[in-house]
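Structural features, examined
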Amino acid sequence: MNRKRMTVIAIAVVLILCVGIAFYFWHKDQQEQEEGNQILFGKYVNTAGNLHLKMDTSEYDRTGDPNDINLMPTDLTQNLLQRWEAIAEAIPTINYPEEVVEQEDWLKIFNNLVDNRPDMEVASKEITKDEGEAANAMALDEYIYDGYLYNDNFREFLEENGIEGPDRRRLE
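Given the structure is predicted, the values throughout are model-derived calculations rather than measurements.

Moving on to the overall build of the chain. Along its length, the chain carries eight helices and two strands. Helices (α) and strands (β) of the chain occur, in sequence order from the N terminus, as α-β-α-β-α-α-α-α-α-α. A compact globule built from 172 residues would reach a C-alpha radius of gyration of about 16 Å, whereas the chain, at 27 Å, exceeds it by more than 25%. Taken over the C-alpha atoms alone, the chain extends approximately 100 × 35 × 25 Å along its principal axes. Scored against the burial criterion, the 172 residues of the chain give a buried share of 31%. Counting only contacts in the chain whose residues sit at least 6 apart along the sequence, the fraction spanning at least 24 positions is 46%. Accessible surface computed for the chain: about 11,300 Å², of which carbon and sulfur atoms make up 52%.

Below is the structure:
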């Protein structure tokens, strides 16, 4: 009887350990999935803010899946894309992802814009350098995002490339 009792106790302990281990890994997987969802949600929020997109979260609120977030362009988004495309035509090192824009894959569009930042900084310094005034590494970035014209050198660059000018309506 003692041996039978020990066998039953051993089986119970093994079963409890198996269930505990399974629960641990299930719980860990759930936490990782939740963290991944939070990161993806943050990417959607960041993308929407930077590209001036409207963000519809009604389906996400129901499902909790960030892939259910719908990003929609606004007039400000279209202006940003026009400025970016015009700058990319004038500066060959800056890439404008036309196909991705046509597909409206906003996360990829934003990643492409971010990937252009080093080249935009180099070009910005070159364009905005002026005697007595510091060059602005963010001039192209600020122009693409907000239409901000940094200085006269920058304005001249835009006019010379047919992007902005007194005889031309601003893209925004």
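Turning to the pattern of salt bridges, a few remarks are in order. Taken as a whole and assessed by the stated rule, the structure comprises three salt bridges. In this structure, the salt-bridge partner of Glu59 is Arg62, at a minimum N-O distance of 2.4 Å. Placement of the pair is Glu59 and Arg62 together in helix H2 (residues 58–63), with a separation of three residues, close to one helical turn. Owing to a relative accessible area of 32%, Glu59 belongs among the partly exposed residues under this scheme. Taking the shortest distance from any N to any O, the salt bridge between Asp141 and Arg117 comes out at 3.2 Å. With Asp141 in helix H7 (residues 139–146) and Arg117 in helix H6 (residues 117–128), this pair connects stretches of sequence that are 24 residues apart.

With that settled, the discussion passes to the packing of aromatic side chains. Tallied over the entire structure, the rule returns four aromatic pairs. Ring geometry for Phe41 and Tyr60: centres 5.0 Å apart, planes at 20°, overall stacked. Of this pair, Phe41 sits in helix H1 (residues 2–50) while Tyr60 sits in helix H2, and the two are 19 residues apart along the sequence. The exposure class of Phe41 is partly exposed, given its relative accessible area of 27%. Both rings, one in Tyr143 and one in Phe154, keep their centres 5.7 Å apart while their planes meet at 70°; by these two values the pair is edge-to-face. Here Phe154 lies in helix H8 (residues 152–160) and Tyr143 lies in helix H7, a separation of eleven residues in the sequence.

Turning our attention to the nonpolar core. Counting residues in each nonpolar core, the largest one holds 36 residues, and the members touching the most others are Ile87 and Leu140. Going through the elements one at a time, H1, helix H3 (75–90), helix H4 (98–103), helix H5 (106–115), H6, H7 and H8 are the ones with two or more residues in this core. With six residues, H3 is the single largest residue contributor to this core.

Definitions and limits used
Residues numbered from 1 in each chain as written. Predicted model: local features only at pLDDT ≥ 70, side-chain atom pairs only at ≥ 80, totals over all residues. Heavy atoms only, no water. Helix = DSSP H or I, 4+ residues; strand = E, 2+ residues; numbered from the N terminus. Rg over C-alpha atoms; globule rule 2.2 N^0.38 Å. Buried < 20%, exposed > 50% of the residue type's maximum accessible area, 1.4 Å probe, protein only. Contact = heavy atoms within 4.5 Å. Areas by Shrake-Rupley, 256 points an atom, 1.4 Å probe, with all protein chains shown as cover. Salt bridge = Lys/Arg side-chain N within 4 Å of Asp/Glu carboxyl O. Phe/Tyr/Trp six-rings, centres within 6.5 Å; stacked < 30°, edge-to-face > 60°. Core = buried A, V, L, I, M, F, W, Y, C linked by side-chain atoms within 4.5 Å.

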